[in-house]
Amino acid sequence: MRTFGVEEELLIADPVDGLPLALAADILDVAAPPDGEARGGGEGSGEENAGEATLKSEFKQEQIEVNSRPCRTAAELRAEIRAGRALSDKAARAVGARVAALATPPVFHATPTVGNQRYAAMGTEFGLISREQLTCGFHVHVSIESPDEGVAVLDRLRHWLPVLLALSANSPFWMGADTGFASYRTQIWNRWPTAGPMDVFGSADGYQEMLSELLGTGVPLDEGMIYFDARLSRGHPTVEVRIADVCLYAEDALTIAVIARALVETSAAEWRQGKPPSSILTPVIRMANWKASRFGINQQLLHPLEQRPYPAADVAGALLRHVRRALTEAGDLALARAGVANILRRGTGERLQRQAYGQRRRLSDVVSAAIASTHQDGERSDAGLLSL
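Note that the coordinates shown come from a computational prediction; the quantities given were computed from them, not determined experimentally.

(A) Region of interest: the overall build of the protein. Helix and strand counts for the protein come out as 15 helices and 12 strands. For the protein, the C-alpha radius of gyration of 19 Å lies close to 21 Å, the compact-globule estimate for 388 residues. Seen through its principal axes, the protein has C-alpha atoms that stretch 55 × 50 × 40 Å. A fraction of 76% describes how many contacts in the protein between residues 6 or more apart in sequence connect residues 24 or more apart. For the protein, the exposed surface amounts to about 15100 Å²; the carbon and sulfur share of it is 50%.

(B) View of the pairing of strand β4 (residues 63-67). Most of β4 is tucked away, with 5 of its 5 residues classed as buried. Alternating residues of β4 divide into Q63, E65 and N67 and I64 and V66, and every residue in both groups is buried. As paired elements, strand β1 (residues 4-13) and β4 share 5 bridges and run antiparallel to each other. Residue pairing across strands places E7 opposite N67, the latter belonging to β4. The hairpin turn running from strand β3 (residues 53-57) into β4, its antiparallel successor, is 5 residues long.

(C) Spatial organisation of helix α9 (residues 250-272). Counted at 1.5 Å a residue, the expected span for α9 with its 23 residues is 33 Å, and the 33 Å between its end C-alpha atoms agrees. α9 sits mainly inside the fold: 20 of its 23 residues count as buried. G274 sits one or two positions beyond α9 and adopts a positive phi of about 85°.

(D) Representation of the nonpolar core within the structure. In this structure, L161, L164 and L319 are the most contacted members of the largest nonpolar core, which totals 64 residues. In terms of residues, this core owes the most to one element, α9, which gives 12 residues. When near neighbours in sequence (up to four residues on either side) are disregarded, L164 contacts V241, I243, I256, I259, A260, L263 and L319. Judged by nonpolar contacts, the second largest core, of 36 residues, contains I12, A13, L23 and L55.

(E) Highlighting the packing of helix α14 (residues 349-360) against helix α15 (residues 363-374). It is at 8 Å that the axes of α14 and α15 come closest, and there the two elements cross at 140°. With respect to α15, the axis of α14 lies oblique. The hand of the α14/α15 crossing is right-handed. Here L352, Q353, A356, Y357 and R360 of α14 lie close against α15, whose contacting residues are L363, D365, V366, A369, A370 and S373.

(F) Seen up close, the packing of aromatic side chains. By the definition in use, this model includes 13 aromatic pairs. On the basis of an interplanar angle of 40° and a centroid distance of 5.9 Å, the ring pair of F201 and F228 is categorised as tilted. Of this pair, F201 sits in the loop between α7 (184-189) and α8 (204-216) while F228 is found in the loop between α8 and β9 (230-232), placing the two residues 27 residues apart along the sequence. The positively charged end of R294 is found above the aromatic ring belonging to F181, 5.8 Å away from the centroid.

(G) Local environment of the side chain of E240. Relative to the helices and strands, E240 resides in strand β10 (residues 238-245). Polar side-chain contacts of E240 include one of 3.3 Å to the side chain of H139. Excluding its chain neighbours within four sequence positions, the residues that come into contact with E240 are E7, H139, V140, H141, D229, A230, R231 and S233.

(H) Highlighting a negative patch on the surface. Together, D148, D205, E209 and E213 line one region of the surface with negative charge. Ranked by the residues each element gives to the negative patch, the list is headed by α8, at 3 residues. Examined against the element boundaries, E209 turns out to sit in helix α8. Here E209 falls in the exposed class, since its relative accessible area comes to 53%.

(I) Spatial organisation of the packing of α9 against helix α13 (residues 333-346). With their axes 9 Å apart at the nearest point, α9 and α13 run at an angle of 130° to one another. The orientation of α9 with respect to α13, classified from their angle, is oblique. When the axes of α9 and α13 are compared, the crossing they make is left-handed. Residues D252, L254, T255, V258 and I259 of α9 pack against L335, A336, G339, V340, I343 and R346 of α13. Looking at the contact of α9 with α13 residue by residue, the classes come out as 7 nonpolar, 2 polar and 2 charged.

(J) Fine view of the pattern of salt bridges. Under the criterion given, the structure shown has 22 salt bridges. The partner of R2 in a salt bridge is E149, with the nearest N and O atoms 3.0 Å apart. On the criterion of sequence distance, the pair formed by R2 in the segment before β1 and E149 in helix α5 (residues 147-157) is long-range, its members being 147 residues apart. A residue is classified by how much of its surface remains accessible, and R2, at 11% relative accessible area, is buried. Classification of E149 as buried rests on a relative accessible area of 2%. A salt bridge links R272 to E265, with the shortest nitrogen-to-oxygen separation between them at 3.2 Å. Exposure remark for R272: the relative accessible area of 51% places this residue in the exposed category. Taken together, the salt bridges that share partners define one network made up of R2, E149, E265 and R272.

Thresholds, definitions, all that
Residues numbered from 1 in each chain as written. Predicted model: local features only at pLDDT ≥ 70, side-chain atom pairs only at ≥ 80, totals over all residues. Heavy atoms only, no water. Helix = DSSP H or I, 4+ residues; strand = E, 2+ residues; numbered from the N terminus. Rg over C-alpha atoms; globule rule 2.2 N^0.38 Å. Contact = heavy atoms within 4.5 Å. Areas by Shrake-Rupley, 256 points an atom, 1.4 Å probe, with all protein chains shown as cover. Buried < 20%, exposed > 50% of the residue type's maximum accessible area, 1.4 Å probe, protein only. Pairing = 2+ DSSP bridges. Expected span 1.5 Å × (residues − 1). Core = buried A, V, L, I, M, F, W, Y, C linked by side-chain atoms within 4.5 Å. Axes fitted to C-alpha atoms, helices over the stretch in contact; angles between N-to-C directions. Parallel < 35°, antiparallel > 145°, perpendicular 65-115°, else oblique. Left-handed = near helix turned anticlockwise from the far one by under 90°. Phe/Tyr/Trp six-rings, centres within 6.5 Å; stacked < 30°, edge-to-face > 60°. Lys NZ or Arg CZ within 6 Å of the ring centre and 35° of its normal. Polar contact = N/O pair within 3.5 Å; in protein donor to acceptor, adjacent residues only side chain to side chain. Patch = residues over 30% accessible without salt bridge, like charges linked within 9 Å, V, L, I, M, F, W, Y side chains within 5 Å. Salt bridge = Lys/Arg side-chain N within 4 Å of Asp/Glu carboxyl O. Lys, Arg positive; Asp, Glu negative; His and termini not counted. Charge placed at Lys NZ, Arg CZ, Asp CG, Glu CD. Nonpolar A, V, L, I, M, F, W, Y, C, P; charged D, E, K, R; others polar.

Here it is in structure tokens:
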């Protein structure tokens, strides 16, 4: 069974007025081991361990990243996600803040990027793009046996990724306004020149050639700025699925993660069987991403096999059918079916945010509701609500 783990980027917020707080360094200090053990890992920004959970500073000091360890079962990963959220919130409370699984801050003004030298260089090079880049994503790492297998997986899962975006959509507000989007984070994130869907690479050599061509332009500062919706990890033997918003509910994050692992396994099996990648053009996948970003699960999505609009429930069902064997072999089929059914019934984080805002039309209420939901599970649903 393939191991998998996640990275959750969480917003650091004032629990009263909902404003983002630049306290990542303080939170890391609070969470530091008592023996003063030196920080390590990350991209020069430091990380701290407490048990199995790892905290790390990110591009902005108003966010904190929680990394799980590699897990073999969904039960292990569920415990990791809950523990990581609890760890980061405990440290945030100590400095007068809370953490919330919000993919964009409802209230925000552009801020300079501080931290390590690399992030500072990005801030200088990319101007307003970097100053406004306070977004929180959800990345799923799934183990692979080789770069060849990894690239074969990237080539075969690319057209399914917009469905994961729709199922995770959790960013309707930006700069104090309702954007009309379910995942406005996607629109902000796609300002980076390398972000978005990727072409078919064909081989590990083809992947490296693409990276070399992009880096040769001098636009990305380094390989870490290759922000494809899914990519090979630089530091681990994994495929990194990066398209999702951070999920408001821990259980939704687990649902996305188990489906992502099943997508990797299904794609690898197709490669071993000699099945070629889909010929769907990258600009068409970009349209699917846009539709998922705009509407989430609330209206139609583009069907990954036909690239025509279908009800969101039908598209989600197609995804589950596509990965059914892999989910079954991992023991995750019932969990994935129930998780997706619950998301379709209850809605993603964008729905809760809008409901919280609609009561008194106060963005601080949105953040308060998000803080509460970050640290509790969404209701589970009957798996029978979604037929396969």
